[in-house]
Amino acid sequence: FTTVFGSTAIAVFASMMAYLLAQFVDIQIYHFWKNLTKGKHLWLRNNFSTFTSQFVDTFTIVSLLILFGILPEDKFLVLVISGFLFKVIVALLDTPLLYLFVWIFRKKFNLKVGEEIKLS
């Protein structure tokens with residue numbers, strides 16, 4: 001029981017810290033690309049910000065789990081590479097869905113490209 005569940009709190013803590021850091025990075029990079037492309041090329045800003053933040057997330061969680069003694073050090077590189085590649089593949093596969101949901105959202109709210117919802 002201790003072997004299986006004993007380090008759950010540490011793993012959850014490490015995961016949350018990695019998630020918060022990755023989300024901060026994601027938001028910053030997304031807005032950087034949005035400003036640079038003047039709101040165009042959604043696929044570019046979505047994927048570049050996601051790729052970078054997912055690398056930060058994977059690197060951070062694996063590093064923390066090794067630091068806390070949950071994972072062996074010799075598995076670092078293989079876990080970071082495999083975790084990151086999996087996340088990149090998922091991000092690429094979800095890009096068409098992003099465009100579909102943006103199209104649905106614009107249609108529902110009768111918005112044109114670049115137009116934003118005005119809250120009163």
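Residues numbered from 1 in each chain as written. Predicted model: local features only at pLDDT ≥ 70, side-chain atom pairs only at ≥ 80, totals over all residues. Heavy atoms only, no water.

### Some details on the overall build of the protein
Secondary structure summary: the protein contains four helices and zero strands in total. Listed by position from the N terminus, the elements making up the protein come as α-α-α-α. Over its C-alpha trace the protein gives a radius of gyration of 18 Å, far above what one expects of a compact globule, namely 14 Å for 120 residues. When the backbone C-alpha atoms are referred to their principal axes, the protein occupies close to 55 × 30 × 20 Å. Sequence separation of 24 or more characterises 59% of the internal contacts of the protein that already satisfy a separation of 6 or more. Of the roughly 8900 Å² that the protein leaves accessible, carbon and sulfur atoms contribute 72%. When the 11 positive and 7 negative side-chain charges of the protein are each reduced to one mean point, those points stand 16 Å apart. (Helix = DSSP H or I, 4+ residues; strand = E, 2+ residues; numbered from the N terminus. Rg over C-alpha atoms; globule rule 2.2 N^0.38 Å. Contact = heavy atoms within 4.5 Å. Areas by Shrake-Rupley, 256 points an atom, 1.4 Å probe, with all protein chains shown as cover. Lys, Arg positive; Asp, Glu negative; His and termini not counted. Charge placed at Lys NZ, Arg CZ, Asp CG, Glu CD.)

### A closer look at the packing of aromatic side chains
In the structure shown here, the tally under the stated rule is seven aromatic pairs. Measuring from ring centre to ring centre gives 5.5 Å for Phe32 and Trp33, while their planes differ by 80 degrees; the resulting arrangement is edge-to-face. Accessibility expressed as a relative area gives 47% for Phe32, which makes it partly exposed. Arranged with centres 4.7 Å apart and planes meeting at 55 degrees, the rings of Phe105 and Phe109 form a pair that is tilted. The rings of Phe55, Phe59, Phe76 and Phe84 are connected pair by pair, giving a single aromatic cluster. The ring of Phe109 carries the charged tip of Lys108 above its face, separated from the ring centre by 5.9 Å. (Phe/Tyr/Trp six-rings, centres within 6.5 Å; stacked < 30°, edge-to-face > 60°. Buried < 20%, exposed > 50% of the residue type's maximum accessible area, 1.4 Å probe, protein only. Lys NZ or Arg CZ within 6 Å of the ring centre and 35° of its normal.)

### A closer look at the packing of helix α3 (residues 42–67) against helix α4 (residues 76–108)
Orientation of α3 relative to α4, taken along the N-to-C sense of each, is 150 degrees, at an axis distance of 9 Å. With respect to α4, the element α3 is oriented roughly antiparallel. Once α3 is placed against α4, the crossing between them reads as right-handed. Split into classes, the residues belonging to the contact of α3 with α4 amount to 17 nonpolar, eight polar and three charged. (Axes fitted to C-alpha atoms, helices over the stretch in contact; angles between N-to-C directions. Parallel < 35°, antiparallel > 145°, perpendicular 65-115°, else oblique. Left-handed = near helix turned anticlockwise from the far one by under 90°. Nonpolar A, V, L, I, M, F, W, Y, C, P; charged D, E, K, R; others polar.)

### Describing a nonpolar patch on the surface
A surface patch of nonpolar side chains, about 840 Å² in accessible area, is lined by Ile10, Val12, Phe13, Met16, Met17, Tyr19, Leu20, Leu67 and Phe68. Here the nonpolar patch takes seven residues from helix α2 (residues 8–36), the largest share from any one element. With respect to the helices and strands, the residue Met16 is situated in helix α2. For Met16, a relative accessible area of 42% translates into the label partly exposed. (Patch = residues over 30% accessible without salt bridge, like charges linked within 9 Å, V, L, I, M, F, W, Y side chains within 5 Å. Salt bridge = Lys/Arg side-chain N within 4 Å of Asp/Glu carboxyl O.)

### Things to note about the confidence of the model for the protein
Low-confidence regions, as indicated by low pLDDT, have predicted coordinates that should not be scrutinised in detail. Per-residue confidence for the protein gives a mean pLDDT of 89, with 90% of residues at or over 70. Here helix α1 (residues 2–5) is the element of the protein with the lowest mean pLDDT, 64, and α3 is the one with the highest, 94. (pLDDT = per-residue confidence, 0-100.)

### A few points about the side chain of Thr60
Inspection of the secondary structure assignment puts Thr60 in helix α3. The class of Thr60 is buried, set by a relative accessible area of 15%. Reaching out from Thr60, the side chain makes a polar contact with the backbone oxygen of Val56 at a distance of 2.6 Å. Setting aside residues up to four positions removed in sequence, Thr60 forms contacts with Ala18 and Leu21. (Polar contact = N/O pair within 3.5 Å; in protein donor to acceptor, adjacent residues only side chain to side chain.)

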